[in-house]
Amino acid sequence: MTSLFPSIRFGGDYNPDQWPLDVQIDDVRLMQGAGVTTATVAVFAWAKLEPRPGEYDFAWLDEVLDRLHAGGIRVFLATATASPPAWLARLHPESLPVTEDGVRFGFGSRQQYSPSSPVYREHAMKLVRAMAERYGSHPALEAWHTNNEYGCHIARSYDDASVEAFRVWLEARYGTIEELNRVWGTAFWSQAYGSFDEIDAPRTAPSFRNPTQLLDFDRFSSNALLSLHRAEVEILREITPNVPITTNFMGFFRDVDYWAWAEHVDFVTDDAYPDPADPKAYIRLGASRDLMRSLGGGQPWLLMEQSTSAVNWRERNAPKPAGMNRLHSLQAVGRGSDGVLYFQWRQSKAGAEKFHAALVPHAGEHSRVHREVQALGAELAGLGDVLGTGVDARVGIVFDWASWWAVEQPATPGRIDYVETVLSWYAAFQRRGVTIDFVREGADLSAYSVVVAPVFHAASAAAADELARFADAGGHLVIGHQSIVLDENLHVHLGGYLGGEGSALQATLGARVEEFAPGQEGSTFALAGELAGRALDWQEFVVVDDAEVLARFDDGITVGEAAITRRATTGGGAAWYVATQPDDALADAIIARVLAESGTDADFDEPRFGLETVVRGGRRFVFNHTPETVTVTVGGRDVTLGAYGAESWRD
């Protein structure tokens with residue numbers, strides 16, 4: 001395993017077109033003083049690069065790149081296709097996206113394009129080619145950055161071009177209209193189609209829309225954005241075959257299936273903006289880091305964007321207290337990032353993001369934020385020993401975009417927040433200092449001692465069989481509620497949920513689910529038995545065929561029914577089913593037993609809220625995400641961490 005970079009990358013989005021020349025010249029001095037290695041340039045510069053159709057102005061960018069190169073700053077050069085100019089919207093309003101209600105967006109923000117618009121694609125690809133031909137051999141160029149945050153604002157468009165592209169995608173997927181009708185279950189509500197030309201996007205409708213059509217439109221829309229990225233990549237590969245290419249992901253972003261995207265970037269990157277006022281934000285943040293590493297198959301990734309302090313888009317934008325920016329940065333490095341970059345270098349004087357913090361804030365270089373930036377740059381330069389190294393994990397958590405899309409549709413047994421449910425299981429491992437990987441549907445699970453599949457709602461028979469094989473071969477499997485209910489086409493697994501009658505998974509679990517009993521939102525339930533405790537929001541009627549019952553519901557409509565089951569497998573493993581959402585204490589108890597039975601070590605002797613530890617490349621990182629000073633024993637030593645403190649050492 002190696003890195004694409006010679007050192008830990010440090011820097012951020014640089015928008016010199018917003019500033020006069022004297023400020024641009026001073027920027028290089030400040031970058032050098034802060035230890036900046038990398039600037040991401042031209043992300044939102046299309047209008048300046050192409051002020052009129054086909055008329056390019058590169059002179060200003062030539063000077064910027066030359067100046068950065070002279071100052072020893074490398075460049076991630078953006079293709080600038082993320083924010084089309086006003087002339088494109090005026091000349092080609094059909095390129096603008098349309099909502100499911102039929103409202104066409106206007107110009108004046110960003111990302112105002114339909115992913116399937118032929119005219120947008122034509123102009124965008126011409127710009128990409130012009131950029132590649134001009135700057136492909138520039139000595140400052142370190143990597144290409146296509147577009148920006150694909151789907152962040154417009155993930156689905158319902159314009160005519162998108163509808164036509166959807167029909168083409170469906171015909172390629174199903175081959176015949178008869179097969180589409182079968183998979184979509186169009187016999188229900190007289191929805192059968194006679195040809196692909198009759199199919200529309202799932203627009204606003206009188207009642208519930210076809211569930212599989214909704215799922216396929218989610219799949220298509222993710223793919224439509226991916227096809228834009230791949231079109232840019234094709235041009236860049238042609239002209240600059242040896243320059244790495246990436247685009248910035250956005251952590252747990254619902255609308256784009258990053259498993260399908262990851263193979264089309266040379267290194268995974270992420271944008272992360274946790275709320276400084278949320279004491280639990282570190283849980284999702286740590287999980288996002290692990291997701292990025294997992295998407296890349298364990299290879300190092302890169303934190304492309306974060307904020308030095310407050311953002312501008314929450315109702316109340318809390319600043320980061322002293323130490324938190326360093327803490328979040330080192331957390332990223334510890335969980336596999338080969339760099340720490342930001343939006344943006346210099347805080348804007350005007351525009352929609354003028355209150356978004358930056359490495360150089362409105363207050364200038366003599367400020368709290370910039371002093372922290374300078375110190376962080378120096379510290380990161382000393383962490384070269386982890387560059388290009390991986391992070392080992394013995395626990396895997398299944399994360400599946402199709403299940404996310406499916407379980408959050410309307411007309412389901414009850415409202416479930418997919419990501420929050422996944423994170424509740426992740427947090428139980430995090431509190432014990434156990435590092436996890438995320439795994440996709442059907443992945444090889446043999447590298448893990450423990451695999452958890454929470455809310456794996458829409459799983460193919462093959463994926464369910466893979467889970468069963470894992471447990472039967474000696475692995476320790478935990479299945480969470482509302483899992484293996486539907487197949488990949490959202491057809492019910494008949495004969496009892498958890499895979500259907502006669503399935504390998506039902507046999508491995510020794511249990512099946514007959515009926516769901518969701519509680520009212522915010523409700524809690526008592527569980528009695530060996531694993532007594534409290535659970536949240538959800539109950540099920542579980543039929544136990546060949547498993548031990550570790551806990552039963554002690555109240556609610558399912559009182560007396562099995563809530564947690566476990567079956568030992570012939571291979572020496574175990575298969576658990578948890579028919580509810582455990583609270584933190586119960587999740588900790590379940591995970592403690594699973595870890596002990598599987599022989600999986602935990603770095604903390606007991607669950608520690610607000611603390612994290614991870615080992616990367618032989619270096620131990622310990623993080624305190626609380627405003628209190630804490631002492632913890634980890635890695636064979638006692639460590640005292642101040643508020644929002646972080647320490648690292650070589651084991």
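Because the structure is predicted, anything quoted here is derived from the model rather than measured.

Criteria and cut-off values
- Residues numbered from 1 in each chain as written.
- Predicted model: local features only at pLDDT ≥ 70, side-chain atom pairs only at ≥ 80, totals over all residues.
- Heavy atoms only, no water.
- Helix = DSSP H or I, 4+ residues; strand = E, 2+ residues; numbered from the N terminus.
- Rg over C-alpha atoms; globule rule 2.2 N^0.38 Å.
- Contact = heavy atoms within 4.5 Å.
- Areas by Shrake-Rupley, 256 points an atom, 1.4 Å probe, with all protein chains shown as cover.
- Lys, Arg positive; Asp, Glu negative; His and termini not counted.
- Charge placed at Lys NZ, Arg CZ, Asp CG, Glu CD.
- Expected span 1.5 Å × (residues − 1).
- Buried < 20%, exposed > 50% of the residue type's maximum accessible area, 1.4 Å probe, protein only.
- Axes fitted to C-alpha atoms, helices over the stretch in contact; angles between N-to-C directions.
- Parallel < 35°, antiparallel > 145°, perpendicular 65-115°, else oblique.
- Left-handed = near helix turned anticlockwise from the far one by under 90°.
- Pairing = 2+ DSSP bridges.
- Core = buried A, V, L, I, M, F, W, Y, C linked by side-chain atoms within 4.5 Å.
- Polar contact = N/O pair within 3.5 Å; in protein donor to acceptor, adjacent residues only side chain to side chain.

Student: Would you mind going over the overall build of the chain in detail, with residue names and values included?
Tutor: Of regular secondary structure, the chain possesses 17 helices and 26 strands. For 651 residues, the compact-globule estimate of 2.2 N^0.38 gives 26 Å, and the chain sits close to it at 26 Å. When contacts within the chain are restricted to residue pairs at least 6 apart in sequence, long-range pairs at least 24 apart make up 69% of them. Just so you have it, the chain exposes about 24300 Å², and 50% of that area is on carbon and sulfur atoms. Here the chain carries 55 positive and 88 negative side-chain charges, and the mean point of each set is 5 Å from the other.

Student: So what about helix 17 (residues 584–598)? Which residues, and what values?
Tutor: With 15 residues, helix 17 should cover 21 Å at 1.5 Å per step; its first-to-last C-alpha distance of 21 Å lies within 8% of that length. The complete set of buried residues in helix 17 reads Leu586, Ala587, Asp588, Ile590, Ile591, Arg593, Val594, Leu595 and Ser598. Trailing helix 17 by a residue or two, Gly599 shows a phi angle of about 70 degrees, which is positive.

Student: Outline the packing of helix 1 (residues 21–34) against helix 3 (residues 59–70), listing residues and values.
Tutor: Running from N to C, helix 1 and helix 3 cross one another at 25 degrees; their axes reach a closest spacing of 10 Å. As the angle between them shows, helix 1 and helix 3 are arranged roughly parallel. Taken as a pair, helix 1 and helix 3 cross one another with a handedness that is right-handed. The residues of helix 3 that touch helix 1, namely those facing Leu21, Gln24, Ile25, Val28 and Met31, are Val64, Arg67 and Leu68.

Student: Give a detailed account of the sheet that holds strand 16 (residues 533–536), specifying residues and quantitative values.
Tutor: Paired through backbone hydrogen bonds, the strands of a sheet run either parallel or antiparallel to each other. Spatial strand order, 11-10-12-13-20-19-18-15-16-21: 10 strands in an open sheet with mixed pairing. This sheet does not close on itself; its edge strands, each paired only once, are strand 11 (436–439) and strand 21 (581–582). On top of the sheet, helix 17 reaches strand 12 (450–453), strand 13 (476–480), strand 15 (524–528), strand 16, strand 18 (548–553), strand 19 (562–568), strand 20 (574–578) and strand 21; it is set at about 175 degrees to strand 20, its chief contact.

Student: Describe the nonpolar core, naming the residues involved and giving the relevant values.
Tutor: Grouped together as the largest cluster of nonpolar side chains are 169 residues, with contacts concentrated most on Val41, Leu77, Phe438, Leu467 and Ile564. Dropping the residues within four chain positions of it, Leu77 is found in contact with Val41, Ala42, Leu61, Leu65, Met131, Tyr135, Leu141, Ala143, Trp144 and His145. In this structure, Phe166, Val183, Trp184 and Phe220 belong to the second largest nonpolar core, which totals 18 residues.

Student: Which residues make up the side chain of Gln344, and what values do they have?
Tutor: Inspection of the secondary structure assignment puts Gln344 in the loop between strand 9 (337–342) and helix 12 (368–381). At a separation of 2.6 Å, a polar atom in the side chain of Gln344 contacts the side chain of Asn15. Polar side-chain contacts of Gln344 include one of 3.5 Å to the backbone oxygen of Arg346.

Student: Describe the sheet that holds strand 9, and please don't skip the residues or the numbers.
Tutor: If you walk across this open sheet you meet the 9 strands as 5-4-3-2-1-9-8-7-6, and the pairing is parallel. The sheet is open, and its two edges are formed by strand 5 (245–246) and strand 6 (248–249), each paired on a single side. Bridging between strand 7 (residues 269–271) and strand 8 (residues 301–305) involves 3 bridges; their strand directions are parallel. In the strand pairing of strand 8, Asp271 is matched with Glu305. Sitting on the sheet, helix 3 touches strand 1 (9–14), strand 2 (38–41) and strand 3 (74–78), and the angle it makes with strand 2 is about 170 degrees. Lying on the sheet, helix 5 (residues 118–135) is in contact with strand 3 and strand 4 (141–145); it crosses strand 4 at an angle near 175 degrees.

Student: Could you give an account of the environment of Pro627, naming the residues involved and the relevant values?
Tutor: Mapped onto the fold, Pro627 is located in the loop between strand 23 (619–624) and strand 24 (630–634). Sequence-wise, Pro627 and Met324 are 303 residues apart; in three dimensions their C-alpha atoms are separated by 9.7 Å. Leave out the neighbours within four places in its chain, and Pro627 touches Ala643 and Tyr644.

Student: Account for the environment of Asp13, naming residues and giving values.
Tutor: Checked against the element boundaries, Asp13 lands in strand 1. On a C-alpha basis, the gap between Asp13 and Leu595 in space is 42 Å, while along the polypeptide they are 582 residues apart. Beyond its immediate chain neighbours, meaning those up to four positions away, Asp13 contacts Thr40, Val43, Glu305, Tyr342, Phe343, Gln344 and Trp345.

Worth remembering: the numbers are spatial, not functional.
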